[in-house]
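Structural overview
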Amino acid sequence: MIELVLPQDANLRGNILGGRVMHLIDIAGAIACHRHTRTLLVTAAVDDLQFLHPIKVGDLIILKSHVTCVFTTSLEVQVDVFSEEILTGKRRMTSTAFLTFVAIDRDGAKLQVPPLLVETDEERRVCAEAQGRRELRLKRKYEV
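The structure displayed is predicted, hence computed values, not measured ones.

1. Section: the overall build of the protein chain
Helix and strand counts for the protein chain come out as two helices and five strands. Along the protein chain, helices and strands appear, N-terminal first, in the series β-α-β-β-β-β-α. By its C-alpha atoms, the protein chain is 45 × 35 × 30 Å across when sized along the principal axes. Out of the 144 residues belonging to the protein chain, those deemed buried represent 39%. For the protein chain, the accessible area works out to roughly 8,700 Å², and carbon and sulfur atoms hold 55% of it. Distance between charge centres in the protein chain, computed from 19 positive and 19 negative side chains, equals 2 Å.

See the structure below:
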């Protein structure tokens, strides 16, 4: 997903608003999850979002998302965010976030998520890390 950062997206310093970045991350993550599940989804969690570098008005914001792991009724997606200077093409990673979405039907009842084809050692490693993040999320959820 690519967008041009315009003045209405920016703070007084000419950098994109964090809330706007979060909005775009949620959309990019949802798109990847919709394409996997072909169901309605709701955002359940966002893990460890940090803003590493500013994105300036006039830059492109580029979001790349992919499903990392599937659970019973939920799935995790990774969204990487980059800025790209429009005249030079210089690209920098500005954020990475992991989001969890829950598949639902039209009445809001949870649906089972189709399995994710995990074939390579790298994909297995990423999914194992996602399992660990899920365990921490659930532990925090039940502590509250």
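2. Some words on the environment of Arg38
In this fold, Arg38 is placed in the loop between α1 (18–37) and β2 (40–47). Residue class for Arg38 comes out exposed when judged on its relative accessible area of 66%. It is 22 Å that separates the C-alpha atoms of Arg38 and Gln131, two residues lying 93 residues apart in sequence.

3. So, unusual backbone geometry
A positive phi is found at Arg38, a non-glycine position, where the angle reads about 55°. Backbone geometry places Asp48, a non-glycine residue, at a positive phi of 45°. Structurally, Asp48 can be placed in the loop between β2 and β3 (60–70).

4. Side note on the side chain of Thr94
Among the secondary structure elements, Thr94 is positioned in strand β5 (residues 91–104). The buried category is assigned to Thr94, whose relative accessible area is 1%. Those residues in contact with Thr94, other than ones at most four positions away along the chain, are Gln50, Phe51, Leu52, His53, Ile55, Val81, Phe82 and Ser83.

5. Considerations on the layout of surface pockets
Its boundaries defined by the atoms lining it, the largest pocket holds a volume of some 310 Å³. In terms of lining residues, the largest pocket is bounded by 14 residues, among which Ser74, Thr100, Val102, Leu138 and Lys141 are the most central. Listed by contribution, the elements that provide at least two residues to the lining of the largest pocket are β2, β5 and α2 (121–143). The element contributing the most residues to the lining of the largest pocket is α2, with five residues. Split by residue class, the lining of the largest pocket holds six nonpolar, four polar and four charged.

Parameters at a glance
Throughout this document, residue positions are counted from 1 along each chain, in the order its sequence is written. Local features in this predicted model are restricted to residues whose pLDDT is 70 or higher, and side-chain atom pairs enter the listing and the counts only when it is 80 or higher, whereas totals over whole chains, interfaces and linings include all residues. The side-chain numbers reported here are obtained from all heavy atoms of the structure, hydrogens and water having been left aside. Secondary structure follows DSSP: runs of H or I at least 4 residues long count as helices, runs of E at least 2 residues long count as strands, and numbering of each begins at the N terminus. Only protein chains enter the area calculation, which uses a 1.4 Å probe; residues under 20% of their type maximum are buried, those over 50% are exposed, and those in between are partly exposed. To be clear on the numbers: accessible area is Shrake-Rupley with a 1.4 Å probe, and residue cover counts the displayed protein chains and nothing else. Under the convention used here, Asp and Glu are negative, Lys and Arg are positive, and both His and the chain ends fall outside the count. Throughout, a charge is located at the NZ atom of Lys, the CZ atom of Arg, the CG atom of Asp or the CD atom of Glu. Residue contacts are counted whenever heavy atoms from the two residues lie within 4.5 Å of one another. Using a 1 Å grid laid over the protein atoms alone, points where a 1.4 Å probe fits but cannot get out form a cavity; open sets with protein on both sides within 12 Å along at least 5 of 7 lines form a pocket; any residue with an atom within 4 Å of a point counts as lining. Grid points are joined across faces, edges and corners, and a volume is the space filled by probe spheres set on the points. Side-chain classes are defined by residue name, with Ala, Val, Leu, Ile, Met, Phe, Trp, Tyr, Cys and Pro counting as nonpolar, Asp, Glu, Lys and Arg as charged, and the others, Gly among them, as polar.

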